[in-house]
2 protein chains.
Amino acid sequence: MKAAVSYSVSILGAGRVATHLGNALFQAGHHIVQVYGRNPEKANALAEKLNAEAIHDISLINPDVAMLIMAVSDDAIGSLSAELPLINGCVAHTAGFRDRHEINSKHKRKAVFYPLQTFTFEREVDFSKVPFFIEADEADDLELLRQLAAGLSPKIIASTIEQRRILHLAAVMTSNFSNALYIVAKELLDEYGLDFSVLHPLLLETAQKALEVDPREGQTGPARRNDQGTIEKHLKLLEDKPQIAEIYQLMTNYIINTYHNKTNE
Amino acid sequence: MKAAVSYSVSILGAGRVATHLGNALFQAGHHIVQVYGRNPEKANALAEKLNAEAIHDISLINPDVAMLIMAVSDDAIGSLSAELPLINGCVAHTAGFRDRHEINSKHKRKAVFYPLQTFTFEREVDFSKVPFFIEADEADDLELLRQLAAGLSPKIIASTIEQRRILHLAAVMTSNFSNALYIVAKELLDEYGLDFSVLHPLLLETAQKALEVDPREGQTGPARRNDQGTIEKHLKLLEDKPQIAEIYQLMTNYIINTYHNKTNE
């Protein structure tokens with residue numbers, strides 16, 4: 001998908017988000033001017049892929065790009081933006097949870113460009129499915145963010161910081177915590193000589209089902225049926241694993257309260 | 001996929017598992033003799049689809065089928081198998097967590113035929129991806145179960161009841177509890193006027209990633225980084241939701257203990 005207008009974009013960072021986003025913007029036809037990274041090897045490698053200049057001294061960042069994207073760790077947004085020369089273009093961070101005013105106040109056009117997805121180096125990202133949340137002070141900057149995102153995804157949402165914070169929290173609950181449950185399950189199976197791969201079809205179907213059926217309709221299992229006999233036997237299997245038993249009990253209570261016991265919350 | 005040998009099979013139950021499994025066995029070329037269901041309408045509908053006889057009086061079940069599959073609720077296994085005439089063929093239940101000896105002792109050839117998947121009426125099941133766990137006393141019956149499953153899936157595992165119980169528990173933790181986390185996330189987003197569909201790509205990617213990367217390698221997020229600043233701010237957003245805050249705290253602690261604090265468990 002080619003963007004209608006080609007913009008000049010520079011990227012701070014050479015990690016997972018910088019790499020995937022940089023690639024996607026480059027593929028969409030934007031001109032990636034510079035890539036800055038603390039790790040020179042990574043910055044060089046990414047810059048080469050994006051036909052950009054690798055920068056290792058942040059004071060050399062060109063202040064006149066249309067958009068400078070800070071795809072860096074949350075805690076570096078403030079300090080790194082302070083080290084930058086004054087940027088005339090729009091400066092956007094990509095963090096789900098941080099205020100755009102953490103970008104140093106000398107930059108006048110502060111923005112957020114947040115792709116809601118989990119990024120892994122080894123896996124390609126299909127940005128056409130990724131929602132982009134954008135924020136800026138001025139309508140012109142919102143329009144610029146919208147045009148940049150439009151080359152990547154049809155799903156672009158102008159959000160408030162309150163909405164973005166809840167989104168980030170919801171993303172942690174579903175993605176990070178589901179993955180933690182996969183770790184728990186794998187540990188249980190390992191102990192009994194069973195391969196985690198037997199759960200793969202179930203994991204995938206559980207996620208796919210939630211895309212089609214409201215998860216409240218799609219809930220199944222002993223807690224959904226308030227099947228205390230099975231719940232007790234499950235807990236007995238976890239007798240020597242107090243931390244996992246506690247997770248089991250709490251998630252079970254949540255489901256029972258949701259369906260059987262609505263006064264509890 | 002056609003089975004090498006066609007067997008005569010009857011089915012007790014007309015719910016989700018009975019429907020999906022019956023269809024798959026019928027498609028694989030087996031002869032579905034009878035379908036019994038408490039709800040006459042459902043039993044008739046399923047029997048018609050499977051070119052079988054619908055039975056509403058359990059004493060009329062033909063005792064000479066190769067396999068009688070009890071795809072009924074866990075608690076009905078004992079009582080319903082007691083009401084059956086003595087079955088000469090193999091009697092298998094499909095429950096993840098129940099002992100095959102819950103099948104009434106008058107039936108000599110008790111077995112388990114457990115497809116590890118979550119079943120929904122509205123969604124087709126690709127059985128070729130579903131692992132089947134089988135148990136029986138006699139080698140001949142194990143072979144029969146294996147041949148029945150082989151028409152549906154390449155993944156057939158002879159299990160012990162201990163393994164099956166852990167599998168069932170692990171399935172609950174990953175599938176039922178992940179879905180409960182989706183419910184939590186949806187409630188949070190609803191409150192802020194955001195549509196749950198913005199999380200769909202993330203849910204799907206999280207599951208797909210776990211099929212390729214060990215979930216222990218694939219863990220990301222604030223707890224993985226032990227980012228206490230973000231964790232505290234997330235908890236502040238949950239101040240008026242004690243039950244969700246507790247889930248957040250416990251899952252976060254599990255992840256932190258897994259990566260940062262190995263002495264805690």
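Structural notes, computed from the coordinates. Small disclaimer: the values here were computed from a predicted structure and weren't measured.

Residue and element names in this part refer to chain A. Residues of strand 4 (residues 67-70) alternate between two faces, with Met67 and Ile69 on one and Leu68 and Met70 on the opposite face, all of them buried. With four bridges joining them, strand 1 (residues 8-12) and strand 4 adopt parallel strand pairing. Opposite Ile11, over in strand 4, you have Ile69 as the bridge partner. As for the winding sense of the linkage, the β-α-β connection from strand 4 through helix 3 (residues 76-83) to strand 5 (residues 90-93) is right-handed.

Next up on the list: the packing of helix 6 (residues 200-212) of chain A against helix 6 (residues 200-212) of chain B. The relative placement of two packed helices is expressed as an angle between their axes plus a distance between the axes. The interhelical angle for the contact between helix 6 of chain A and helix 6 of chain B, taken along N-to-C directions, is 175 degrees, at an axis separation of 9 Å. Considering the angle they form, helix 6 of chain A stands roughly antiparallel to helix 6 of chain B. Here His200(A), Leu203(A), Leu204(A), Ala207(A), Gln208(A), Ala210(A) and Leu211(A) of helix 6 of chain A lie close against helix 6 of chain B, whose contacting residues are His200(B), Leu203(B), Leu204(B), Ala207(B), Gln208(B), Ala210(B) and Leu211(B). Across the contact of helix 6 of chain A with helix 6 of chain B, the residue classes tally to ten nonpolar, four polar and no charged.

The next subject is the interface of chain A and chain B. Across the contact, 91 residues belong to chain A and 91 residues belong to chain B. Carbon and sulfur atoms make up 69% of the area that chain A and chain B hide from each other, which totals about 9,400 Å². Among the residues chain A hides against chain B, the three largest losses belong to Arg123(A), Gln243(A) and Tyr254(A). Together they make up 8% of the total. Counting across the chain A and chain B interface gives eight salt bridges. Among the ionic pairs, Arg216(B) bridges to Glu187(A), the shortest N-O distance being 3.2 Å. Put simply, the parts of the chain that give the side of chain A that touches chain B at least two residues each are helix 5 (161-191), helix 6, helix 7 (215-218), helix 8 (228-237) and helix 9 (242-260) of chain A. A total of 27 residues in the side of chain A that touches chain B trace back to one element, the largest contributor, which is helix 5 of chain A.

A word on the relation of the copies chain A and chain B. A rotation about some axis, followed by a shift along it, carries one copy of the chain onto the other. In screw terms, the move from chain A to chain B is a rotation of 180 degrees and a rise of 0.0 Å along the axis, fitting with an RMSD of 0.0 Å. Put plainly, the chains are arranged around a two-fold axis. The position closest to the rotation axis in chain A is occupied by the C-alpha of Ser178(A), lying 2.6 Å away. A high fraction, 100%, of the interface residues of chain A reappear at the interface in chain B, so the copies pair face to face through one surface.

Before going further, it helps to examine the environment of Pro131(A). Of note, Pro131(A) is situated in the loop between strand 6 (110-115) and strand 7 (132-136). We classify Pro131(A) as buried; its relative accessible area is 1%. Along the backbone, Pro131(A) and Ile55(A) are 76 residues apart, and their C-alpha atoms lie at a distance of 30 Å. With residues up to four places along the chain from it excluded, the contact list for Pro131(A) reads Tyr114(A), Pro115(A), Leu116(A), Lys155(A), Ile157(A), Val198(B) and Pro201(B).

Turning our eyes to something else, we now look at the sheet that holds strand 2 (residues 31-36) of chain A. All names here are of chain A. Strands sit in the order 3-2-1-4-5-6-7-8 across an open sheet of eight strands; the sheet is mixed. Only two strands of the sheet have a single partner each, and these edge strands are strand 3 (53-55) and strand 8 (156-158). Averaged over all adjacent pairs, the angle separating strand axes in this sheet is 25 degrees, with direction ignored. Where strand 4 and strand 5 come together, four bridges link them in parallel fashion. Within the sheet, the bridge partner assigned to Ile69 lies in strand 5 and is Ala92. Strand contacts of helix 3: strand 1, strand 2, strand 4 and strand 5, with the helix running at about 140 degrees to strand 4, the strand carrying the most contacts.

As a further point, take helix 3 of chain A. Three or four residues apart is the spacing at which side chains of an α-helix point the same way, because the helix has 3.6 residues per turn. Residue and element names in this part refer to chain A. Within helix 3, burial applies to Ala76, Ile77, Leu80 and Ser81. Angular distribution of buried residues about the axis of helix 3 spans 115 degrees; they occupy a single face of the element. Considering only its buried residues, helix 3 is in contact with strand 1, strand 2, strand 4 and strand 5.

Attention shifts here to unusual backbone geometry. Residue and element names in this part refer to chain A. In this structure, Asn51 is a non-glycine residue whose phi angle is positive, near 55 degrees. Relative to the assigned elements, Asn51 resides in the loop between helix 2 (40-49) and strand 3. For Asn51, a relative accessible area of 63% gives the class exposed. Even without glycine at this site, Asn226 takes up a positive phi of about 50 degrees. When its relative accessible area of 30% is taken as the criterion, Asn226 is described as partly exposed.

Turning our attention to the environment of Asn253(A). Residue and element names in this part refer to chain A. Assignment of secondary structure puts Asn253 in helix 9. Under the relative-accessibility criterion, Asn253 is labelled partly exposed at 30%. It is 43 Å that separates the C-alpha atoms of Asn253 and Ile69, two residues lying 184 residues apart in sequence.

As enumerated under the stated definition, the model contains 34 salt bridges over all chains in all. For Arg123(B), the salt bridge is made with Glu205(A), and the minimal N-O distance between the two is 2.9 Å. In this pair, Arg123(B) is assigned in the loop between strand 6 (110-115) and strand 7 (132-136) and Glu205(A) in helix 6, connecting two distinct chains. A single burial state applies to Arg123(B) and to Glu205(A), both of which are buried. Put simply, Arg123(B) and Glu212(A) hold a salt bridge, and the shortest N to O gap is 2.9 Å. Remark: Glu212(A) occurs in helix 6 and Arg123(B) occurs in the loop between strand 6 and strand 7; the pair is interchain, linking two chains.

Attention now moves to the side chain of Thr220(B). Tracing the backbone through its elements, the reader meets Thr220(B) in the loop between helix 7 (215-218) and helix 8 (228-237). For Thr220(B), a relative accessible area of 18% corresponds to the buried category.

Conventions we followed
- Residues numbered from 1 in each chain as written.
- Chains lettered and ligands numbered in written order.
- Predicted model: local features only at pLDDT ≥ 70, side-chain atom pairs only at ≥ 80, totals over all residues.
- Heavy atoms only, no water.
- Buried < 20%, exposed > 50% of the residue type's maximum accessible area, 1.4 Å probe, protein only.
- Helix = DSSP H or I, 4+ residues; strand = E, 2+ residues; numbered from the N terminus.
- Pairing = 2+ DSSP bridges.
- Right-handed = clockwise from strand over helix to strand, strands pointing away.
- Axes fitted to C-alpha atoms, helices over the stretch in contact; angles between N-to-C directions.
- Parallel < 35°, antiparallel > 145°, perpendicular 65-115°, else oblique.
- Contact = heavy atoms within 4.5 Å.
- Nonpolar A, V, L, I, M, F, W, Y, C, P; charged D, E, K, R; others polar.
- Buried area = accessible area lost by both parts, 1.4 Å probe.
- Salt bridge = Lys/Arg side-chain N within 4 Å of Asp/Glu carboxyl O.
- Least-squares fit on C-alpha atoms with pLDDT ≥ 70 in both.
- Arc of directions from axis to C-beta.

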